Amino acid sequence: MSLKEHNFPIIKSILDTDAYKLHMQQAVFHKYDKVSVVATLNCREKESLIDYIDYIKDQIKFMEKLLLKEDEYFFLKKFPFFSLDYLDWLKNFRFDSSQIKIKKVNGEVSLKIYGNWRDVILWEVPILSLVSEIINKNQFPKIKRRDAINQLKNSIDNFYFDAKIKKIDLENFRLIDFGTRRRFSKDIQYCIIKELKDNFPYFIGTSNYYFAKKLDLQSFGTQSHEWFQAHQRIIKNLKNSQKKALKVWLDEYPNQLKIAVTDCINMDSFLRDFDYELSNLYQGLRHDSGDPVSWGEKAICHYKKFSIDPMKKTLIFSDNLNLKKALMLYNHFYKRINTIFGIGTNLTCNIPDVKPLNIVIKLTECNGKSVAKLSDNPEKTVCNDNKFIHLLKKVFKVF
């Protein structure tokens, strides 16, 4: 990244984030105003950020100047699930960089975020996206829009070819951009979304409120793993924490945003808590780890067990998808249950010879105690306390 770029903010709008972050923040604002958390950056493939630590610090500091602009306030106000008390509070919200502790530890970067959950919750997505952009632009300075667009067009051509060969009816195929967190850059994400909007009829929207507003698109998102993680330390009875998280979400959003992520612990434990009432009230489920075919089959069997028509429910697949994998899953499920495909990094950082960063920020503590994300992929486990992992597995019968 050039010195000129280094001196200007990457994140220029508070809406440049995943929609579920604002949805969760409103729920926390109403339900858990005094809860404190710690969130931690994890480089899953041990990517080194050490050479970029000063860039990252500067970009985080720039974010203190962000505020919800008047036109953005009125944009959010049109959604029926946002409450005026929350939006009025959000107008006065400011990022506080003192909540972030970033330093060099054993030759690597340690980044942790401390504070009230309602404040900390908005840091994750912009930090991941700005870190990705800083490193991508330093390592691949010659990448242009056309590189990303050409790759997208090739992927779409292959998608249509495969569908034709296999005689797949694409009428109900639906694609969402989930690519904010690990995009190559903000500019690349914009041009990818614009290309999809203009030339791919199965594209229905984005998880990013900034681009939804800018490009007049539908926005998508409900909650993420941290909603369930935090409840592990909010609810006294750990065994009831997952079910309580599901019910509190419905209290906040009784009529919209009713897609539940299933793998904070694992799919089997989730379904044990996802009783007849919850299965009826929620519109569907989101897949984010483990074998997607097995997961989808379990979901269909679960609905049928309660005599719920699967064709009245929706499965959103979002784990490391590309168009080829999405088409395979669509072909497997589309006559049996509604499907939507949220593709992230493989849309917004799908460029020849560019290896996207595999970085995440997850909750590691709530109310001063460790929390965990186990998931259906063991390598995605997040927890700094082995005793708590063992307890969680015992309580939720994870073997």
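Going by the structure above, here's the rest.
So, here's what we can say about the structure. (Residues numbered from 1 in each chain as written. Predicted model: local features only at pLDDT ≥ 70, side-chain atom pairs only at ≥ 80, totals over all residues. Heavy atoms only, no water.)

Some words on the packing of helix 8 (residues 145–165) against helix 9 (residues 186–199)
Note the threshold: Angles here are taken between N-to-C directions and fall from 0 to 180 degrees, while the axes themselves are lines fitted to C-alpha atoms, restricted in helices to the stretch in contact. Secondary structure is summarised from DSSP: a helix means a run of H or I of at least four residues, a strand means a run of E of at least two, and numbering begins at the N terminus for each. Crossings are classed by handedness, with left-handed meaning an anticlockwise turn of the near helix from the far one by less than a right angle and right-handed meaning a clockwise turn. Only heavy atoms enter the contact rule, under which two residues are in contact if any of them lie within 4.5 Å. Polarity classes work like this: nonpolar for Ala, Val, Leu, Ile, Met, Phe, Trp, Tyr, Cys and Pro, charged for Asp, Glu, Lys and Arg, and polar for all others, with Gly in that last group.
Between helix 8 and helix 9, the shortest axis-to-axis distance is 10 Å and the interhelical angle comes to 35°. Our pair here, helix 8 against helix 9, has a crossing hand that is right-handed. Contacts between helix 8 and helix 9 involve Arg145, Ala148, Ile149, Leu152, Lys153 and Ile156 from the first element and Asp187, Ile188, Tyr190, Cys191, Ile192, Glu195 and Leu196 from the second. In terms of residue class, the contact of helix 8 with helix 9 is made up of nine nonpolar, no polar and four charged.

Re empty space enclosed by the protein
Filter applied, for reference: The pocket and cavity definitions rest on a 1 Å grid over protein atoms only: a 1.4 Å probe that fits but cannot leave marks a cavity, an open set with protein on both sides within 12 Å along at least five of seven lines marks a pocket, and residues lining either have an atom within 4 Å of a point. Grid points are joined across faces, edges and corners, and a volume is the space filled by probe spheres set on the points.
Here the structure, examined in full by the defined rule, presents two cavities of 30 Å³ or more. Along the lines of polarity and charge, the residues of the lining of the largest cavity split into five nonpolar, two polar and one charged. Considered as a void within the structure, the second largest cavity measures approximately 30 Å³ in volume. Lining the second largest cavity, in full, are Phe228, Gln232, Ser241, Gln242, Cys264, Ile265 and Phe396. Of all the secondary structure elements, the ones that give two or more residues to the lining of the second largest cavity are helix 11 (225–234) and helix 12 (241–252). Taken together, the residues of the lining of the second largest cavity sort by class into four nonpolar, three polar and no charged.

Brief notes about unusual backbone geometry
Test applied: A 1.4 Å probe rolled over the protein chains alone gives each residue an accessible area, and that area as a share of the maximum for its type sets the label: buried under 20%, exposed over 50%, partly exposed in between.
Its identity is not glycine, yet aspartate 216 carries a phi of approximately 55°, on the positive side. Mapped onto the elements of the fold, aspartate 216 is located in the loop between helix 10 (209–215) and strand 6 (218–219). A relative accessible area of 63% places aspartate 216 in the exposed class. For asparagine 320, which is not a glycine, the phi torsion comes out positive at approximately 50°.

Considerations on the sheet that holds strand 4 (residues 175–177)
Rules: Think of it this way: DSSP has to see at least two bridges between two strands before they count as a pair.
Here we have seven strands laid out as an open sheet, ordered 6-5-4-10-9-8-7, and parallel in their pairing. Looking at strand neighbours, the two that pair on one side only are strand 6 and strand 7 (259–261), the edges of this open sheet. Examined bridge by bridge, strand 8 (residues 284–287) and strand 9 (residues 314–317) share four bridges and lie parallel to one another. Note on strand 9: the bridge partner recorded for leucine 285 is leucine 315. Contacting strand 4 and strand 5 (203–206), helix 9 runs over the sheet at an angle of about 150° to strand 5.

What about the pattern of salt bridges?
Let me state the cut-off plainly: We define a salt bridge as a side-chain nitrogen of Lys or Arg found within 4 Å of a carboxyl oxygen belonging to Asp or Glu.
Tallying each qualifying case throughout the model produces 16 salt bridges. Between arginine 118 and aspartate 33 there is a salt bridge, and its shortest N-O distance comes to 2.4 Å. Of this pair, arginine 118 sits in helix 6 (residues 117–120) while aspartate 33 sits in the loop between helix 2 (19–31) and strand 1 (36–43), and the two are 85 residues apart along the sequence. Look at aspartate 33 and you get partly exposed, because its relative accessible area is 25%. Across the salt bridge formed by aspartate 198 and lysine 194, the nearest N and O atoms sit 2.6 Å from each other. One end of the pair is aspartate 198 and the other is lysine 194, both in helix 9 and four residues apart, which spans about a single turn. Residue classification places aspartate 198 among the partly exposed residues on the basis of a relative accessible area of 44%. Through salt bridges with shared partners, a single ionic network connects Lys21, Glu124, Arg181 and Glu226.

By themselves, these are just geometric observations and shouldn't be taken as functional.
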